[in-house]
Amino acid sequence: MGRRTVWWLGRVLPAAGAALVAMLAPTWQTATADTQPVGGDRGGARPIAADAGTMRTVSADGGGTRTAGDAAVDAEPTPYAFAEDATSVDGATGTTGAARLEPGEAYRSSIGKDGKLYYRLVLDDVSNAYVSVTAVPRPGTRVSYSDGIKVSVQDGNSRNCSFSGTAHFGATQSSHPIAAWATRETSGHPYACQTAGTYYVVVERSGTAGSSSGVWDLELDYVSEPGLRKAGSTSAPETWRSATPEPLTGDPERRRGGAGFSTATSLRQGIWQDGISPGQTLFYKVPLDWGQQLYVTAALGSSGRGEGSVGTALVMSLYNPVRGFVDDVGSGYDGGQRSAALEPLPAVAYENRYALSDRVSGMRFAGSYYLVVHLAAQVADRFGDGPLGLTLSVRRDGAVRAGPSYAGRPEPRDAFDVPADDSDDQADDGAGADGSVGGASPGEGGSDRADGADAGSDSATMKVVAVGGIGTGSLLMLILGVWTVTARRRPLPAPEDADTASAAVPAPAPWERGAPRSR
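The structure displayed is predicted, hence computed values, not measured ones. (Residues numbered from 1 in each chain as written. Predicted model: local features only at pLDDT ≥ 70, side-chain atom pairs only at ≥ 80, totals over all residues. Heavy atoms only, no water.)

## A word on the overall build of the chain
The number of helices and strands found in the chain is four helices and 22 strands. Put simply, the chain has 519 residues, and 45% of those count as buried. A separation threshold of at least 6 residues defines the contact pool for the chain, and within that pool the share at least 24 residues apart is 75%. (Helix = DSSP H or I, 4+ residues; strand = E, 2+ residues; numbered from the N terminus. Buried < 20%, exposed > 50% of the residue type's maximum accessible area, 1.4 Å probe, protein only. Contact = heavy atoms within 4.5 Å.)

Structure representation (structure tokens):
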């Protein structure tokens, strides 16, 4: 390489290097700005967009959006993963000025002790409306057996449109997310609230004198179901296959549970293992089509230490695709392996809605059914902080049949879709450093997908790697191009007996031959 080439490269290389640094800098800044550390959150960093201060907000009077600072919520991290696109909304203390909720949207709010809040719906005269409210006490909140929430949908004359859903912490007396739902239905039996107009969602918090006075966070989910093209039977099935099927066999697969409805981990038929710590709640979802039945057993592994027993240690609850309660089962724990199974449920059918019991009427939609598993915080007092092994046996039976003929689309549009069995793509064969199969402690939010922190940081890292790889490749291409052009401008020396017209050109470098880029 001659002096002219060296001189040229001496000018080009610094410029190329500066260009590369300029190209990488914005991406690195974006990658590091996408996440921020959250004090007290052992899960590390989480997306800034998930923080209450940066969420979309709706004023209580429905008159427009407020600034993020106006809707700031307590910054202390919560073990529940709220929907990332949730809109922050203030519940009104009366119907006047109640904020309007839109179907297909998720909302985040909060309620104080003995609180009663109102939100507004505008409904037509044919659709069914389902509103679910998940109450999430903040870390360290003291709760009693009867503490809970009540949800109603009322008309303009304070009449309940159907039932009022209630949820309590129950025998575990352990703080964890609980959900209740209420509906406005227009088909079948002569319910109230059949006309189009304005209705109100009423959320009430109940408790005892000894309960914590702290604020509970709320997640509101509103689903609209269209009417049918043609009316069908209004009688619930009276019988179904109630025999318990043969237990599943085979080796379990490892799967980490999510930390909220929006991050629930998908499971297909099979045996799944996870780890659960005292005070933690894990979320899973199982796709069910019309005509299918679900059988689920949850088992806690034995503990190598501790003594005594906890009366109600493990609770597994089942919720339907609109987060409506279906059934639950609990189990005590004394350090030995224990299991609990849901009672056989009817096959998914539209007509189930006309039954009186929750465990039948709740099985009214096709779609993702949620399994929510909680381990009481009191378990730590006798058996340590865990985690304990958790095994879920999930079985689906029954032939898939055609569903109802809706006259429109639900909101959200995929509310009753049956997702493909994609859980194989979520397999996690690695155990935690502490020997746990999966899951996390209450402060961690349940899984590596719980609040999007890991996904966000991985995405940011991959951006840097990708751009770095492309930038490095571009720089190498630039150097090669300079070298090649220079070589062509200065003829190569050739032997005296060689035909200089056919002198060989330097072979291209490997990265010039279309080598695949890293993804």
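Next comes the rest of the account.
## Observations concerning the environment of L288
In this fold, L288 is placed in strand 16 (residues 281–288). By relative accessible area, which is 0% here, L288 ends up buried. Not counting chain neighbours up to four residues away, the residues in contact with L288 comprise Q293, L294, V348, M363, A366, G367, Y369, R396 and V418.

## Examining unusual backbone geometry
Here G386 and P387 are connected by a cis peptide whose omega angle stands at 10°. Of note, the amide linkage connecting E411 to P412 takes the cis form, showing an omega dihedral of 0°. You will see that S158, though not glycine, has its phi angle at about 65°, which is positive. Here S158 shows up in the loop between strand 8 (148–154) and strand 9 (165–168). According to the relative accessible area criterion, S158 is exposed, its value standing at 55%. The backbone phi angle of Q173 is positive, close to 45°, even though this residue is not glycine.

## Points about the pattern of salt bridges
This model, assessed by the stated rule, comprises twelve salt bridges. When the shortest N-O distance is used, the salt bridge between R159 and D155 registers 2.8 Å. Exposure remark for D155: the relative accessible area of 8% places this residue in the buried category. Taken together, the shared-partner salt bridges connect R108, R138 and D217 into one network. (Salt bridge = Lys/Arg side-chain N within 4 Å of Asp/Glu carboxyl O.)

## A look at the sheet that holds strand 11 (residues 197–206)
If you walk across this open sheet you meet the four strands as 6-11-8-9, and the pairing is antiparallel. One side of each edge strand has no neighbouring strand; the edge strands of this open sheet are strand 6 (116–123) and strand 9. Neighbour-to-neighbour, the strand axes of the sheet open up by a mean angle of 15°, direction not taken into account. (Pairing = 2+ DSSP bridges. Axes fitted to C-alpha atoms, helices over the stretch in contact; angles between N-to-C directions.)

## Concerning the state of the cysteines
In this structure the tally under the stated criterion is one disulfide. Across the disulfide, C161 is cross-linked to C193 (sulfur-sulfur distance 2.1 Å). With the S-S dihedral at roughly -90°, the linkage between C161 and C193 falls on the left-handed side. With C161 in the loop between strand 8 and strand 9 and C193 in the loop between strand 10 (178–184) and strand 11, the pair connects residues that are 32 residues apart, well separated along the chain. Of the two residues, C161 and C193, both sit in the buried class. (Disulfide = S-S within 2.5 Å.)

## Describing the sheet that holds strand 16
An order of 14-16-21-18-19 is seen for the five strands of this open sheet, with the pairing classed as mixed. Either end of the sheet is taken by a strand with one partner, and the two such strands are strand 14 (265–266) and strand 19 (325–333). Here strand 18 (residues 310–319) pairs with strand 19 via seven bridges, running antiparallel. Bridging across to strand 19, Y319 finds its partner in F325.

## Quick look at the nonpolar core
In globular proteins that are soluble, nonpolar side chains generally tend to be buried together. Residues M316, L318 and L371 are the most contacted members of the largest nonpolar core, which totals 50 residues. Those elements that provide at least two residues to this core are strand 15 (270–276), strand 16, strand 17 (293–300), strand 18, strand 19, strand 21 (367–375), helix 3 (379–383) and strand 22 (388–397). Tallying contributions element by element places strand 18 first for this core, with five residues. With residues near it in sequence (within four places) discarded, M316 still touches V296, T297, A298, D327, D328, V329, A340, L342, L371, V372, V373 and L392. Core analysis: the next-biggest nonpolar cluster, separate from the first, contains 31 residues, Y107, I178, W216 and Y222 among them. (Core = buried A, V, L, I, M, F, W, Y, C linked by side-chain atoms within 4.5 Å.)

## Remarks on empty space enclosed by the protein
In this approach the atoms are scanned with a rolling probe the size of a water molecule, which exposes any empty space left behind. Summed over all chains, the structure comprises one cavity of 30 Å³ or more. Its boundaries defined by the atoms lining it, the largest cavity holds a volume of some 30 Å³. Around the largest cavity, the lining residues are K113, D114, D147, R205, S206, G207, S211, S212 and W216. Of the residues assigned to the lining of the largest cavity, the class counts are one nonpolar, four polar and four charged. (1 Å grid on protein atoms, 1.4 Å probe; cavity = no way out; pocket = protein on both sides within 12 Å on 5 of 7 lines; lining within 4 Å. Points joined across faces, edges and corners; volume = space filled by probe spheres on them. Nonpolar A, V, L, I, M, F, W, Y, C, P; charged D, E, K, R; others polar.)

## Focus: the side chain of D327
Secondary-structure assignment places D327 in strand 19. Judged by its relative accessible area of 12%, D327 falls in the buried class. Separated by 3.3 Å, the side chains of D327 and R359 make a polar contact. (Polar contact = N/O pair within 3.5 Å; in protein donor to acceptor, adjacent residues only side chain to side chain.)

## A few points about the environment of N320
Its location among the elements puts N320 in the loop between strand 18 and strand 19. On the basis of relative accessibility, which here comes to 0%, the residue N320 falls in the buried class. As for N320 and M363, which are separated by 43 residues in sequence, their C-alpha atoms are 6.7 Å apart. Setting aside anything within four residues of it in sequence, one finds N320 in contact with W181, V326, G362, F365, S368, Y369 and Y370. Within polar-contact distance, the side chain of N320 engages the backbone nitrogen of G324 at 2.8 Å.

## Structural notes on the packing of aromatic side chains
Under the criterion given, the structure shown has 14 aromatic pairs. Between R353 and the ring centre of Y350, over which it is positioned, the NZ or CZ distance is 3.6 Å. (Phe/Tyr/Trp six-rings, centres within 6.5 Å; stacked < 30°, edge-to-face > 60°. Lys NZ or Arg CZ within 6 Å of the ring centre and 35° of its normal.)

## Details of the side chain of D221
Counting through the fold element by element, D221 comes out in strand 12 (residues 216–225). Buried charged residue D221 carries no salt bridge. Nearest counter-charge: R323, at 4.1 Å. (Lys, Arg positive; Asp, Glu negative; His and termini not counted.)

## Some words on the confidence of the model for the chain
Any segment with low pLDDT has predicted coordinates that should not be analysed in fine detail. Looking at the chain, pLDDT values average 75 and 65% of them are 70 or higher. Between the elements of the chain, mean pLDDT differs from a low of 33, seen in strand 2 (residues 45–47), to a high of 98, seen in strand 6. Note that residues 1–77 has pLDDT below 50 and, in this model, 126 contacts with residues that lie over four places away or in other chains. Note on residues 422–519: pLDDT under 50 across the span, and 144 contacts to partners over four residues away in sequence or across chains. (pLDDT = per-residue confidence, 0-100.)

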